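# Survey of secondary and tertiary structure
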Amino acid sequence: MTTECTQEMQRLFTVEYGEMPEVAVRLAGVCLGGVLLFIYTGWPSAWLWSLGYVALHGINYAFLRARRDAATQTDCVIGGVLFLVLYASFLWMPAYMATTEDATLVFSGIVLGASTFAFMIRRSDTMLWMIFGEVAILSAMIIWVLLSKMTVIEGELAVFATMLVTVAMTAYMFQAVFIARKVRLEGEAAARRAAQEQKMAAIGQLAGGVAHDFNNVLTAIIGNLELYEALPDPDERDEVVREAHAAAKRAEAVVSHLLIYARKAPVRRRAVLLNAAVARTMQLAQRGIPARISWRFVPEGMDVEVRVDEMQLTTALINLVRNAADAIEDTGTVTLSTRFEIVAQPMPMADGSLLPPGRYARIGVADTGSGIPEQHLRRVLEPFYTTKPPGKGTGLGLSMVLGFARDAQGGLWLSSGRDGTEVAVYLPGSVVVQPHGAETENAAQMDGVS
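My aim in this report is to walk through the structure given alongside it, one point at a time. Note that the structure is a prediction, hence the values are computed from the model and not measured. (Residues numbered from 1 in each chain as written. Predicted model: local features only at pLDDT ≥ 70, side-chain atom pairs only at ≥ 80, totals over all residues. Heavy atoms only, no water.)

A tally of regular secondary structure across the protein gives 13 helices and 10 strands. The 450 residues of the protein split such that 40% are buried. Pairs at least 24 apart in sequence give 75% of the contacts found in the protein among residues at least 6 apart. (Helix = DSSP H or I, 4+ residues; strand = E, 2+ residues; numbered from the N terminus. Buried < 20%, exposed > 50% of the residue type's maximum accessible area, 1.4 Å probe, protein only. Contact = heavy atoms within 4.5 Å.)

Spelled out as structure tokens, the structure:
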């Protein structure tokens, strides 16, 4: 129940304050409307209406924001009640305007009242009691206006027709809001089913990949051990033992990558200066870069502190560097770069997720290869999917890096074209130091050829 309540609180917050420009326009419109209404009518209540509406929004915003990540059933009820109070606090003034004899005020009140109905449809609230409350409040305002106009309606037929229209409109409002709720619930259920089907498909693919990879490893281990029994030469026996040991180490690497991808690996996070960590990683990674490929490290003119497991960061970067080197068929360059970025808007990542706004360290690994073909680009993050020849890769490199980035509350960005591929890891970070050397000087110190 707690999870459902938290999701509902997040929905209430998003539907009310998810689009801040729209919220700003709405509040500014009410404030301006209050000023114009006071100028036109001289009503002190115009100030009470606009300022009260803004104040209630402040209370509602503070409550929803504070409770949206860990809500209880009581919080959901309070959130719903706050909206109904907010709804009534806006609607009473348009209803009062519609009860006057001034045609301008009557028309403005009706338009404002109708706009709240459109807003109710847009909200598509899922709690039935909230829907009944919204319809009841709007119906009460309509009845208030109707009763104020009954004295000027002449004839029993006109009175009957007016009441019939009022009842029909109330019924239609309820039906429209209820249908909007039904559509939202069906859409959410369909999305959950699709997510579950994708999850099961991913699990099936993962299980198949693990079985295939371990079958290859076990075949190598068992074959070499059986060969050990048949070989009389001690040197040959030592060689097959080394082969079996190498196969076991490959299995260990697969398990390690799987744990990082599944975010189950032991994590020892600590504050790490990014440029120094990347420089240390390059000293290790360059041993696996062929001599025909040059490499360089281009740090930004400031260092960034990130809180990560440095061993996992090293493993992730080595995977990216080796992938970049493998993508270059002849000669070329692998470039590592770091920089500090402030992400102002949610940023799309390679796996389809959105990186939340915030301060991030960006680690880029770029190659000058021929790029990833379009048909492969959509699948390179899938576990055990690889474009390399048999025996050249497990298909877990990018998946492991994605798991590491997610676990660190960051993301993985990917861009590929004919002039090469760049993969960037985004990690939450903050600027901590300004190095003495400029970016180009640092880059020159770290350029090299394996």
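Turning to the packing of aromatic side chains, a few remarks are in order. Think of a pair of aromatic rings as described by two things: how far the centres are apart, and how the planes are tilted against each other in angle. Under the criterion given, the structure shown has 12 aromatic pairs. Here the aromatic rings of F13 and Y17 are separated by 5.8 Å at their centres, their planes lie at 50 degrees, and the arrangement is tilted. Placement of the pair is F13 and Y17 together in helix α1 (residues 2-17), with a separation of 4 residues, close to one helical turn. Owing to a relative accessible area of 9%, F13 belongs among the buried residues under this scheme. Pairing F38 with W47 gives two aromatic rings, centres 5.3 Å apart and planes at 50 degrees, and the pair type is tilted. Taken together, the aromatic side chains of F13, Y17 and Y61 make up a single cluster linked through ring pairs. (Phe/Tyr/Trp six-rings, centres within 6.5 Å; stacked < 30°, edge-to-face > 60°.)

Where helix α2 (residues 20-41) meets helix α3 (residues 45-67), the closest approach of the two axes is 7 Å, and the angle between their N-to-C directions is 165 degrees. Judged by the inter-axis angle, α2 sits roughly antiparallel to α3. For the crossing formed where α2 meets α3, the hand is left-handed. Where α2 abuts α3, its residues R26, L27, V30, C31, G33, G34, V35, L37 and F38 lie against A46, W47, W49, S50, Y53, V54 and H57. Class assignment of the residues belonging to the contact of α2 with α3 gives a composition of 11 nonpolar, 4 polar and 1 charged. (Axes fitted to C-alpha atoms, helices over the stretch in contact; angles between N-to-C directions. Parallel < 35°, antiparallel > 145°, perpendicular 65-115°, else oblique. Left-handed = near helix turned anticlockwise from the far one by under 90°. Nonpolar A, V, L, I, M, F, W, Y, C, P; charged D, E, K, R; others polar.)

Our focus in this paragraph is a negative patch on the surface. Together, D233, D235, E236 and D238 make up a region of like negative charge exposed at the surface. For D233, the position within the fold is in the loop between α7 (156-230) and α8 (234-261). (Patch = residues over 30% accessible without salt bridge, like charges linked within 9 Å, V, L, I, M, F, W, Y side chains within 5 Å. Areas by Shrake-Rupley, 256 points an atom, 1.4 Å probe, with all protein chains shown as cover. Salt bridge = Lys/Arg side-chain N within 4 Å of Asp/Glu carboxyl O. Lys, Arg positive; Asp, Glu negative; His and termini not counted. Charge placed at Lys NZ, Arg CZ, Asp CG, Glu CD.)

Let us now look at the packing of helix α5 (residues 103-123) against helix α6 (residues 128-149). Remark: α5 packs on α6, axes separated minimally by 11 Å, with the N-to-C direction vectors making an angle of 165 degrees. On the basis of the axis angle, α5 is roughly antiparallel to α6. Judged by the sense of rotation from one axis to the other, the crossing of α5 with α6 is left-handed. Judged by residue contacts, V106, G113, T116, F117, M120 and R123 of α5 engage M130, E134, V135, L138 and K149 from α6. Of the residues contributing to the contact of α5 with α6, the split by class is 6 nonpolar, 2 polar and 3 charged.

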